[in-house]
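Geometric and topological summary
Here are the chains, one letter per residue:
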Protein chains: 2
Amino acid sequence: MPRNILLDIAYDGTAFNGWQVQSAGRTVQGELEAALARIHGRRVVLHAAGRTDSGVHARAQCANFETDHPSIPAEKFREAINTQLPLDLRVMRSREVHPEFHARFDAVSREYRYYLLHADIIEPHLRDYCVRLKTRPDIRTWNRMAAALCGEHDFTTFASPTASVEHHVRRVYAAAFYPEREFIVFRIEANGFLWKMVRSIVGTIMGMDPPDVDRFAGMLHARDRSLAGTTAPARGLFLHRIRYE
Amino acid sequence: MPRNILLDIAYDGTAFNGWQVQSAGRTVQGELEAALARIHGRRVVLHAAGRTDSGVHARAQCANFETDHPSIPAEKFREAINTQLPLDLRVMRSREVHPEFHARFDAVSREYRYYLLHADIIEPHLRDYCVRLKTRPDIRTWNRMAAALCGEHDFTTFASPTASVEHHVRRVYAAAFYPEREFIVFRIEANGFLWKMVRSIVGTIMGMDPPDVDRFAGMLHARDRSLAGTTAPARGLFLHRIRYE
């Protein structure tokens, strides 16, 4: 009887061309499936909770695969896979899950965090993991804009126009800016996200001068992509957590 | 009349072959002097507070140079130099100092910080900036060992044997381990450091099983290099600050 194994995966997205296997370029899925193929001696398909774009990082991406490997205990897949991986990609945990479990369809929510830093110059060791704010942000107003995102909305305004999905309605459970060390962090949790949605929201809020809660809420409710600001850079974004029942 | 300019410099040491210009390899000093040469149209010599080794990072290295540039204000050297630098190296600040000021000889103290992380696996985006502890450290005992370093001592035990310096006596002003976010940080401030001294101290403390304050103090007082443990990796070490009067 094959076992269903769930992995928690962390990566530094800087040198990856995103999660999903592409015709060209190094991808997280590609590296992981190559490692699994070496362990199994055949192709193994990995199902992720969601895709991340080129340059986006992850602390706890989740993905599952079916294994017929005769001997590796579920918890030891972590080590078995890590010995086959490059250093910018690590399996943080592996465990057996119900045969019907699917990392994408069973996910109850996803949480992203976006790291901003108000400074003249960003210290080089942080350069790939945050985005610079040129002026001190008005966190109180930004949080009123974030609050406007909460609940069920059609997020067409913040959806990449090239994405083909059935509809643009998502339920945001929480969205807020808060200080953490030297950073301003934007935390957003939803049942799902549209392609580049978090970066479009952050870019729009960052670019509003002056920040205007009513105008921001109006953008969201207009469901009009042309109203959004620029898309914030990938390097500030971390897939922070996937929640399951 | 030439001006004397002091720079605060930050770098991600990962891809540098240390501070000092070498016959081969990319160095921090080399990149900075090349930028200064382009700005001045001639060679400019930079005097640093101290050298850092290959892979060691800096938040605030200090270095000064004499300029006869006719037009760049002291505070604008920061920007003028940064436009010539790779992204893993930044000038954080530039200012004019007294003509006799020397970044190395006028430094009153140097402070280093070493980042340790007790975890099964280090998240990939932190991999170049800390070192993993396999077991939970006994911080109280480690701090008693750190306390033994304070004051004036001959640090021959923790000096790289290949270094040629006049003597091995240094005065440590402060040395302590403390928790900071997920890390255990070792902070040490002294009037000066011997080559690889911080990494030798950290490696020796990390490697002591069980930790033993008297044995550690005995190693220090023996002035015997053969008693030290292994040298901790460069990637955990940051030159944090240089103090001047």
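This section reports on the structure supplied with the text. (Residues numbered from 1 in each chain as written. Chains lettered and ligands numbered in written order. Predicted model: local features only at pLDDT ≥ 70, side-chain atom pairs only at ≥ 80, totals over all residues. Heavy atoms only, no water.)

Comments concerning the overall build of chain A
Definition in use: Here a helix means four or more residues in a row that DSSP labels H or I, a strand means two or more in a row labelled E, and each is numbered from the N terminus. Our radius of gyration is a C-alpha quantity, and the globule rule it is checked against amounts to 2.2 Å times the number of residues to the power 0.38. Per-residue and other accessible areas follow the Shrake-Rupley method at a 1.4 Å probe size, with only the shown protein chains counted as cover for residues. His is not counted here, nor are the chain ends, while Lys and Arg score as positive and Asp and Glu score as negative. Note that the charge is assigned to NZ on lysines, CZ on arginines, CG on aspartates and CD on glutamates.
Each helix and strand counted, chain A has five helices and 10 strands in total. Computed over its C-alpha atoms, the radius of gyration of chain A comes to 19 Å, within 12% of the 18 Å expected for a compact globule of 245 residues. Over its C-alpha atoms, taken along the principal directions, chain A stretches across nearly 60 × 40 × 30 Å. For chain A, the exposed area adds up to about 11,400 Å²; of that, 48% sits on carbon and sulfur atoms. Distance between charge centroids for chain A: 2 Å, based on 33 positive and 29 negative side chains.

As for the interface of chain B and chain A
Under the convention used in this document: Residue contacts are defined here by distance: any two heavy atoms, one from each residue, within 4.5 Å place the two residues in contact. Here the quantity called buried area is the total loss of accessible area, with a 1.4 Å probe, experienced by two parts when brought into contact, counted for both. Salt bridges are identified by distance alone: a Lys or Arg side-chain nitrogen within 4 Å of an Asp or Glu carboxyl oxygen.
Taken together, the contact between chain B and chain A spans 22 residues of the former and 22 residues of the latter. For the pair chain B and chain A, the summed buried surface comes to about 1,900 Å²; carbon and sulfur atoms form 64% of the total. Ranking the residues of chain B by area buried against chain A places B:Ile121, B:Pro124 and B:His125 at the top, with a combined share of 32%. Our count for the chain B to chain A interface comes out at six salt bridges. When the shortest N-O distance is used, the salt bridge between A:Arg78 and B:Asp120 registers 3.5 Å.

Some remarks on helix H4 (residues 197-207) of chain A
Residue and element names in this part refer to chain A. Our working definition: Think of it in three bands: with a 1.4 Å probe and only protein chains considered, a residue is buried below 20% of the maximum accessible area for its type, exposed above 50%, and partly exposed in between.
The element H4 is largely enclosed, with a buried count of nine among its 11 residues. Those residues of H4 that sit buried are Met 197, Val 198, Arg 199, Ser 200, Ile 201, Val 202, Gly 203, Thr 204 and Ile 205. Those residues of H4 that are buried are in contact with strand S5 (107-118), helix H3 (139-149), strand S8 (169-180), strand S9 (183-190), helix H5 (213-222) and strand S10 (237-244).

Notes on the side chain of A:Thr27
All names here are of chain A. Operational definition: Nitrogen and oxygen atoms within 3.5 Å of one another constitute a polar contact, given that in protein one can donate a hydrogen and the other can accept it, and given that sequence-neighbouring residues count only through two side-chain atoms.
Assignment of secondary structure puts Thr 27 in the loop between strand S1 (3-11) and helix H1 (28-40). Reaching out from Thr 27, the side chain makes a polar contact with the backbone nitrogen of Gly 30 at a distance of 2.9 Å. With residues near it in sequence (within four places) discarded, Thr 27 still touches Phe 16, Asn 17, Gly 18, Trp 19, Gln 20, Val 21 and Gln 22.

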